[in-house]
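# Residue-level structural notes
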Amino acid sequence: MKSILTILILIIMSSTINLNAQHIQKELNYEFNALEPHIDAKTMEVHYSKHHAGYIAKLNKAIEGTEYSEYDLMTLQKLISEKTPAAIRNNGGGSWNHEFFWDILTPTKGMKPSKKLNDAIIRDFGSFDSFKSEFKNAALGQFGSGWAWLIIQDGKLKVVSTPNQDNPLMEFAKEKGTPILAIDVWEHAYYLKYQNLRGDYIEAFFNVVNWDKVSEYYEKAIK
Ligand code: MN3
């Protein structure tokens, strides 16, 4: 009886460990071609099934047998410090950043920020247009590869950018906060369609933002 119990406990423990050790890429909520013409199908396909899938596979390999294997992706971001091995920092960031990015995009046209979010945008930026131009400047101004973000910092909205696959959740981020909107400005996110015209890609991105989702993130973050 005792040995059966021990075996049972071991099975339960090992299944928990296995569950936590491997991150799985979530399915997209839309087809690769759904964001056309703003983001083209080929870019979406390569971005999702090669780049993002690659970050997840490499992350799973990098965390195997380490203390970092016990956490979900969001928790992992907050545990990444400057001492974290580069493979975990880069692929951990890449895994979460893209999961977040897919989620704030949508083929549904005509979405707008919720009243609460819109009020906060006007409070913190003056107008939606000033927010948009600040966000665009941050995305254009990120030298080389990286991301621009709209975050909540001390209850206020702020536009920031991060290099490589870093994000504002990481311990060492210059500007820390909870992301509610992001744009990937790595060339792999736009080069096939836009080549050197990053500004055109950023402008097009605003046609496929899932404002329902962003508003939901906002309201969750300020609670
Ligand atoms: Mn990317």
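Residues numbered from 1 in each chain as written. Predicted model: local features only at pLDDT ≥ 70, side-chain atom pairs only at ≥ 80, totals over all residues. Heavy atoms only, no water.

This paragraph deals with the coordination of the manganese ion. Coordination angles at a metal have ideal targets, namely 109.5 degrees for four tetrahedral donors and 90 or 180 degrees for six octahedral donors. Taken together, His47 (NE2), His98 (NE2), Asp184 (OD) and His188 (NE2) make up the protein donors of the manganese ion, found 2.0 to 2.2 Å from the metal. Exposure remark for histidine 188: the relative accessible area of 18% places this residue in the buried category. (Donors = N, O, S within 2.8 Å, 3.2 Å for Na, K, Ca; no water. Buried < 20%, exposed > 50% of the residue type's maximum accessible area, 1.4 Å probe, protein only.)

Contact pair helix 6 (residues 128-141) / helix 8 (residues 198-205): the axes reach a minimum separation of 10 Å and the direction vectors enclose 140°. The orientation of helix 6 with respect to helix 8, classified from their angle, is oblique. As helix 6 packs across helix 8, the resulting crossing turns out to be right-handed. Only Arg198, Gly199, Ile202, Glu203 and Phe205 of helix 8 make contact with helix 6, whose side of the interface consists of Lys132, Phe135, Lys136, Ala139 and Leu140. Residues of the contact of helix 6 with helix 8, tallied by class, amount to 5 nonpolar, 1 polar and 4 charged. (Axes fitted to C-alpha atoms, helices over the stretch in contact; angles between N-to-C directions. Helix = DSSP H or I, 4+ residues; strand = E, 2+ residues; numbered from the N terminus. Parallel < 35°, antiparallel > 145°, perpendicular 65-115°, else oblique. Left-handed = near helix turned anticlockwise from the far one by under 90°. Contact = heavy atoms within 4.5 Å. Nonpolar A, V, L, I, M, F, W, Y, C, P; charged D, E, K, R; others polar.)

Turning our eyes to something else, we now look at the pairing of strand 3 (residues 178-184). The element strand 3 is largely enclosed, with a buried count of 6 among its 7 residues. Across 6 bridges, strand 1 (residues 146-153) lies against strand 3 in antiparallel orientation. Looking at the pairing, tryptophan 147 lines up with aspartate 184 of strand 3. (Pairing = 2+ DSSP bridges.)

The subject of this paragraph is the pattern of salt bridges. Scanning the entire structure with this criterion turns up 8 salt bridges. Between lysine 115 and aspartate 119 there is a salt bridge, and its shortest N-O distance comes to 2.8 Å. Of this pair, lysine 115 and aspartate 119 both sit in helix 5 (residues 115-125), 4 residues apart, which is roughly one turn of that helix. Its relative accessible area of 64% is what places lysine 115 among the exposed residues. The class of aspartate 119 is partly exposed, set by a relative accessible area of 37%. In this structure, the salt-bridge partner of aspartate 124 is arginine 123, at a minimum N-O distance of 2.8 Å. (Salt bridge = Lys/Arg side-chain N within 4 Å of Asp/Glu carboxyl O.)

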